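Descriptive analysis of the structure
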Amino acid sequence: MSDQTFKSDFLRTLQERGYIHQITHPTELDEAASNGVVTAYIGFDATAPSLHVGSLIQIMMLRRLQQAGHKPVVLMGGGTTRVGDPTGKDASRPQLTDETIQANIDGIQQVFAKFLTFGDGPTDAVMVNNDEWLSQFGYIQFLRDFGTHFTVNRMLAFDSVKLRLEREQPMTFLEFNYMLMQSVDFLELNRARNVTLQMGGSDQWGNITSGVDLVRRVDQKAAFGLTTPLLTTASGGKMGKTAQGAIWLNADSLSPYDYWQFWRNADDADVGKFLRLFTDLSLDEIAALETLEGAQINDAKKALADAATTMLHGAEAAATARAASESAFEKGQLSADLPTVEIARDEVIGAMLAAVTTKAGLTASNGEARRLAQGGGLRLNDEAIADGARLIEDADVNADGVIKLAAGKKKIVLVRPV
């Protein structure tokens, strides 16, 4: 899409900031976005009590949509979560109870108010749950109304199905229905709320185009699809996944400090891309930050961390996280805002440094901790320790009752023996 010139603010902004991978009817969508309010949706299944940063590009796309004067619809997948999206999976998702799904929705939905303005106005965001209509269909009715519009031949050609079968991994008939349910979501939203655009990640292209085709075929109405590129880090890793786990968006799942630190630790090559996708800084400001080199690149990373953390957790939390990080890493001081873990005293005192480092979440295994120590990257109270088998002693606990552990230059945790 990079060679197409868009006239609508919405698509032009998405293009300039790097959000666009594929669009089903680009000229038609551009015309619609130029001449009126486009109502668009993205679906979020409730498989965990918090979304992680891998979902942030989708949330930011809804934000860009609203900033350009259009209407975002956040679709919570209360119904589709019961089935589980097979895309990119080698095995069926575990089936969740209705109570767990609702609890997950309750946890997830609080994040969206940080990025979108909700209300009753023409461009105010709304949140809906696809369980409202999916649970109302009888099986025979669903098959008669929608089954005739999908061929098994085409469904088998979708990557979500084809790749699973090529890897000789079983796919249940339940999962096979997922793309039908997602397509019906688009049709229902188009009829009830005049939603004409579905957006999502590039792995959703097959599901999205099926919904577009269903709306156009059944009701002969305009419908469009738009996907973002698969987002990976410069090192080739999946966005939002680290050795220590997912980067959650809810503060009760991941502290604002750890969230700030995640962005501060971005690879040099990712800073510009992340600034465009995940902050509201102007393109001119970003271009200036991208010119920084050497040690000054850290200023750009701090600007990224400040902006991203402010958007999610607020300016005060971002400032506190930055101060704690600078105290710990640049001044060697402790701060009450550093992440602190409590571990049973008998699992700390007399235990190997490698084991405590792993238990504190700084490394994924004792072996990794030992290798880190041998390479000079493991510090105990700011002193490099080369032997991961070194035993923790009472004397290592400071006057505040904590032990400061650091893995490399970027990760610090305070261990409090209890």
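Description of the structure in this document. (Residues numbered from 1 in each chain as written. Predicted model: local features only at pLDDT ≥ 70, side-chain atom pairs only at ≥ 80, totals over all residues. Heavy atoms only, no water.)

**Quick word on the overall build of the chain**
How we decide: Runs of E in the DSSP output that reach at least two residues are strands. Runs of H or I that reach at least four are helices, and both are numbered from the N terminus. The reference for a compact globule is 2.2 Å times residues^0.38; the radius of gyration itself is calculated from the C-alpha atoms. Burial status follows relative accessibility: with a 1.4 Å probe on protein chains alone, a residue under 20% of its type maximum counts as buried, one over 50% as exposed, and anything between as partly exposed. Here, Shrake-Rupley sampling with a 1.4 Å probe gives the accessible areas, and only protein chains in the shown set may cover a residue. His residues and chain termini do not enter the charge count, which takes Lys and Arg as positive and Asp and Glu as negative. Charge coordinates come from a single atom per side chain, which is NZ of Lys, CZ of Arg, CG of Asp or CD of Glu.
For the chain, the count of helices and strands is 18 helices and 13 strands. The C-alpha atoms of the chain give a radius of gyration of 24 Å, which matches the 22 Å a tight globule of 418 residues would have. Across its three principal directions, the C-alpha atoms of the chain cover 75 × 50 × 40 Å. The buried share of the chain, reckoned over its 418 residues, is 49%. Roughly 18700 Å² of accessible area belongs to the chain as shown, and the carbon and sulfur atoms make up 49% of that amount. Across the chain, the 40 positively charged side chains and the 53 negatively charged ones have centroids separated by 2 Å.

**Digging into the sheet that holds strand β10 (residues 378-380)**
Which entries qualify depends on this criterion: Strands are labelled as partners when DSSP assigns at least two bridges between them.
Spatially, β9-β13-β12-β10-β11 is the arrangement adopted by the five strands of the open sheet, whose pairing is mixed. Each edge of the open sheet carries a strand with a single partner, namely β9 (340-343) and β11 (383-384). Both β9 and strand β13 (residues 411-417) contribute to a ladder of four bridges, which runs parallel. Within β13, the residue paired with Ile-343 across the bridge is Pro-417.

**A word on the side chain of His-313**
Put simply, the rule is: Only heavy atoms matter for contacts: two residues are in contact if any of them lie within 4.5 Å across the pair.
By the secondary structure assignment, His-313 is in helix α15 (residues 297-313). Judged by relative accessible area, which is 18%, His-313 ranks as buried. Excluding residues within four positions of it along the chain, His-313 makes contact with Leu-249, Ala-251, Pro-256 and Tyr-259.

**Considerations on the packing of helix α3 (residues 56-67) against helix α13 (residues 271-278)**
Definition in use: Note on definitions: angles span 0 to 180 degrees between N-to-C directions of axes, and those axes are lines fitted to C-alpha atoms, for helices only across the stretch in contact. Note on angle classes: values under 35 degrees are labelled roughly parallel, values over 145 roughly antiparallel, values of 65 to 115 roughly perpendicular, and the remainder oblique. Three residue categories are used. Nonpolar comprises Ala, Val, Leu, Ile, Met, Phe, Trp, Tyr, Cys and Pro, charged comprises Asp, Glu, Lys and Arg, and polar comprises the others, including Gly.
The N-to-C vectors of α3 and α13 enclose an angle of 50°; their axes lie 9 Å apart at closest approach. Relative to α13, α3 is oriented oblique. Contact residues: Leu-56, Ile-57, Met-60 and Arg-64 in α3; Arg-276, Leu-277 and Phe-278 in α13. By residue class, the composition of the contact of α3 with α13 is five nonpolar, no polar and two charged.

**Quick word on the packing of aromatic side chains**
Short version of the rule: Side-chain rings of Phe, Tyr and Trp (the six-membered ring for Trp) are treated as a pair once their centres are within 6.5 Å; stacked means planes under 30 degrees apart, edge-to-face means over 60, and tilted covers the remaining angles.
For the structure shown, the criterion picks out 10 aromatic pairs. Geometrically, the ring pair formed by Trp-263 and Phe-274 is edge-to-face, given 5.7 Å between the ring centres and 90° between the ring planes. A residue pair is termed long-range when its members are at least 10 positions apart, and Trp-263 in helix α12 (residues 256-264) and Phe-274 in helix α13 qualify at 11 residues. Like Phe-274, Trp-263 is buried. In this structure an aromatic cluster arises from ring pairing among Tyr-259, Phe-262, Trp-263, Phe-274 and Phe-278.

**Some details on the nonpolar core**
Inclusion rule: Working definition of a nonpolar core: buried Ala, Val, Leu, Ile, Met, Phe, Trp, Tyr and Cys residues. They are joined through side-chain atoms within 4.5 Å.
Residues Trp-263 and Phe-278 are the most contacted members of the largest nonpolar core, which totals 65 residues. Discounting chain neighbours no more than four positions away, the residues touching Trp-263 are Val-53, Leu-56, Met-239, Phe-274, Phe-278, Lys-301, Leu-304, Ala-305, Ala-308 and Thr-309.

**Examining the sheet that holds strand β6 (residues 224-228)**
Strand order in the open sheet formed by six strands is β1-β6-β5-β2-β3-β4, with mixed pairing between adjacent strands. Strands with a single pairing partner mark the edges of an open sheet, and in this sheet they are β1 (22-23) and β4 (126-129). Sheet analysis places strand β2 (residues 39-45) next to strand β3 (residues 71-77), joined by seven bridges and oriented parallel. Note that in β3 the partner of Thr-39 across the bridge is Lys-71.

No statement about biological role is implied by the geometric values presented.
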